[in-house]
Amino acid sequence: MTGTMLRVDRAGWEAGIDAVAGATPGLVPVAKGNGYGFGLTNLAEQTTRMGADTIAVGTVFEIDPVREAFDGDIVVLTPWSEDFPATDPRVIPTVSRLGDLARLAAAGERRRVLVEVQTSMRRHGILPAELNVAAGYLRALDFAGWVIHLPLSGAAADEALGLAGTATNAHPGPLWLSHVTAAEAERIGERTGQPTRLRLGTKLWLGAPTTYGATSVVLDVHRVGKGERVGYRQKKAPGNGHLVVVAGGTAHGIALEAPTPAATWRQRATAVATGVTAASGRALSPFSIGGAKRRFIEPPHMQSSLVFVPAEVRPPQVGDEIGVTVRNTTYLPDEIVFD
Ligand SMILES: *Cc1c(COP(=O)(O)O)cnc(C)c1O
């Protein structure tokens, strides 16, 4: 083994997926980006295995990576635009602007479409006040339903119910929801008398975090003395001990943080403090050796990282596999290993 990998206990991971799928009527698995760390193809295979009729991808670029491993419908979450691939009956675009809906209706091809309603997210979608106008175009289209994507916080369920009512009054159709619970989706279905679909990613793929984990192989180990200069930046070793060269760097998304969704002042203060440590070059790395995370000697390289292990800790050996704390949605392992 070499490189950095995501190790997955297949039976455990699939049992977690099945538990969520079993509790989510109308489930539409979402496979986008780096495939939540597992890769788009693996998620497409899982979608086939669980027997879902539809998968959702983020962008048109993600259609090809899932279509080989899954033969149902493919919903694209990013709004339709004119460069959307030409009519493939399996691919359902999401139309999020009145002008686009008018254009597709005028094309006279009865294209299958989902139509997005603007929510308090204010990201994409047709304003609730314009849904009657939108409904006028649906006669010329093969309408697959309304899309309602809610923010993660706040009164999502109440808002979804209100918008679902407005939309289905304008034109009846299935409701494709995101970020409500299965119970809330069921209630919305009962109140509106329409079938509901629930798009899920994080909870479905990452819901059983003890069943997968990132590891990196130790590439080299060198004894260093305090003050000895090491690395690209010729920084001084912080003490006597070992310099450990570990597989995994910026190319794998290691030690790259997405902007913090910190909600409280305490969380923000922690983020600032971490930034200060990073700036002073003594940031804690995500690599665990001897039961603790070890400090970076310098910022991670493209495919490997230099970490410092103090003399009192027994250093790992070349070829050892060590644990890495990663954010699954920004991790690009060299390999995904199913155990
Ligand atoms: C990404 C996405 C989802 C899935 O989000 P998770 O929080 O990962 O479950 C659902 N709906 C839309 C529109 C999305 O873009």
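Residues numbered from 1 in each chain as written. Predicted model: local features only at pLDDT ≥ 70, side-chain atom pairs only at ≥ 80, totals over all residues. Heavy atoms only, no water.

1. Overview of the sheet that holds strand β6 (residues 112–117)
Then, in step 1: Pairing in this closed barrel of 8 strands is parallel, and the strands run β2-β3-β4-β5-β6-β7-β8-β9 around the ring. Shown here is a sheet whose adjacent strand axes are inclined to one another by a mean of 30 degrees, direction ignored.
Then, in step 2: Where helix α6 (residues 156–170) meets the sheet, its contacts fall on β6, β7 (142–149) and β8 (175–178), and the angle it forms with β7 comes to roughly 155 degrees.
Then, in step 3: Contacts between helix α7 (residues 182–192) and the sheet are confined to β8 and β9 (196–200), with β9 contributing the most and set at about 155 degrees to the helix. (Pairing = 2+ DSSP bridges. Helix = DSSP H or I, 4+ residues; strand = E, 2+ residues; numbered from the N terminus. Axes fitted to C-alpha atoms, helices over the stretch in contact; angles between N-to-C directions. Contact = heavy atoms within 4.5 Å.)

2. Points about unusual backbone geometry
Then, in step 1: Phi angles above zero are rare outside glycine, and Tyr36 is one such case at about 55 degrees.
Then, in step 2: On the secondary structure map, Tyr36 appears in the loop between β2 (27–31) and α2 (40–49).
Then, in step 3: Despite not being glycine, Arg110 has its phi angle at roughly 50 degrees, a positive value.
Then, in step 4: Take Arg110: it is sitting in the loop between α4 (98–106) and β6.
Then, in step 5: You can call Arg110 partly exposed: its relative accessible area is 49%. (Buried < 20%, exposed > 50% of the residue type's maximum accessible area, 1.4 Å probe, protein only.)

3. Considering the site of the ligand
Then, in step 1: The ligand sits among Val30, Lys32, Tyr36, Leu77, Arg123, His149, Ser178, His179, Arg199, Leu200, Gly201 and Thr202.
Then, in step 2: The separation between an oxygen atom of the ligand and a polar side-chain atom of Tyr36 is 2.6 Å.
Then, in step 3: Protein coverage of the free-state accessible area of the ligand, which is 390 Å², stands at 87%.
Then, in step 4: A per-class count over the shell around the ligand returns 4 nonpolar, 5 polar and 3 charged. (Near = heavy atom within 4 Å. Polar contact = N/O pair within 3.5 Å; in protein donor to acceptor, adjacent residues only side chain to side chain. Areas by Shrake-Rupley, 256 points an atom, 1.4 Å probe, with all protein chains shown as cover. Nonpolar A, V, L, I, M, F, W, Y, C, P; charged D, E, K, R; others polar.)

4. Let's talk about the packing of α6 against α7
Then, in step 1: Packing of α6 against α7 brings their axes to within 10 Å, and their N-to-C directions diverge by 30 degrees. Looking at the two axes, α6 sits roughly parallel to α7. Crossing handedness for the pair α6 and α7: right-handed. Seen from α6, the contacting residues are Ala157, Asp158, Ala160, Leu161, Ala164, Gly165 and Thr168; seen from α7, they are Glu184, Arg187, Ile188, Arg191 and Thr192.
Then, in step 2: Residue composition of the contact of α6 with α7, by class: 5 nonpolar, 3 polar and 4 charged. (Parallel < 35°, antiparallel > 145°, perpendicular 65-115°, else oblique. Left-handed = near helix turned anticlockwise from the far one by under 90°.)

5. Some points on the confidence of the model for the protein chain
Then, in step 1: Looking at the protein chain as a whole, the pLDDT averages 92, with 92% of positions reaching at least 70.
Then, in step 2: This stretch, residues 273–277, has a pLDDT under 50; its non-local contacts, to residues over four places away or in other chains, come to 3 contacts. (pLDDT = per-residue confidence, 0-100.)

6. Some details on the packing of aromatic side chains
The description of two aromatic rings rests on the distance between their centres and on the angle between their planes.
Then, in step 1: Under the defined criterion, the tally for this structure stands at 6 aromatic pairs.
Then, in step 2: Their ring planes at 70 degrees and their centres at 5.1 Å tell us that Phe143 and Trp146 sit as a pair that is edge-to-face. Summarising the burial analysis for this pair, Phe143 and Trp146 share the class buried.
Then, in step 3: An angle of 90 degrees between the planes, with centres 6.3 Å apart, marks the rings of Phe287 and Phe296 as edge-to-face. By the burial criterion, Phe287 is buried, and Phe296 matches it.
Then, in step 4: Grouping aromatic residues by their ring pairs yields a cluster made of Trp13, Phe38, Trp205, Tyr212 and Phe338.
Then, in step 5: One cation-aromatic arrangement involves Arg10 over Phe338; the distance from NZ or CZ to the ring centre is 4.0 Å.
Then, in step 6: Directly above the aromatic system of Trp176 lies the positively charged group of Arg197, at a separation of 5.1 Å from the ring centroid. (Phe/Tyr/Trp six-rings, centres within 6.5 Å; stacked < 30°, edge-to-face > 60°. Lys NZ or Arg CZ within 6 Å of the ring centre and 35° of its normal.)

7. Looking at α7
Then, in step 1: Those residues of α7 not exposed but buried are Ala185, Ile188, Gly189 and Thr192. Take α7 and look down its axis: the buried residues cluster within an arc of 100 degrees, on one side only. The exposed set on the far side of α7, more than 90 degrees from its buried face, consists of Ala183, Glu190 and Arg191.
Then, in step 2: Elements in contact with the buried residues of α7: α6, β8 and β9.
Then, in step 3: Within two residues after α7, Gly193 carries a phi angle of roughly 70 degrees, on the positive side. (Arc of directions from axis to C-beta.)

8. Side note on the nonpolar core
Then, in step 1: Core analysis: the largest hydrophobic core is formed by 84 residues, its most contacted members being Phe38, Trp146 and Trp205.
Then, in step 2: The residues contacting Trp146, other than those within four sequence positions of it, are Val115, Val117, Leu131, Leu138, Ala167, Thr168, His171, Gly173, Pro174, Leu175 and Trp176.
Then, in step 3: Within the second largest apolar cluster, 8 residues are counted, among which are Val224, Leu243, Val245 and Leu306. (Core = buried A, V, L, I, M, F, W, Y, C linked by side-chain atoms within 4.5 Å.)

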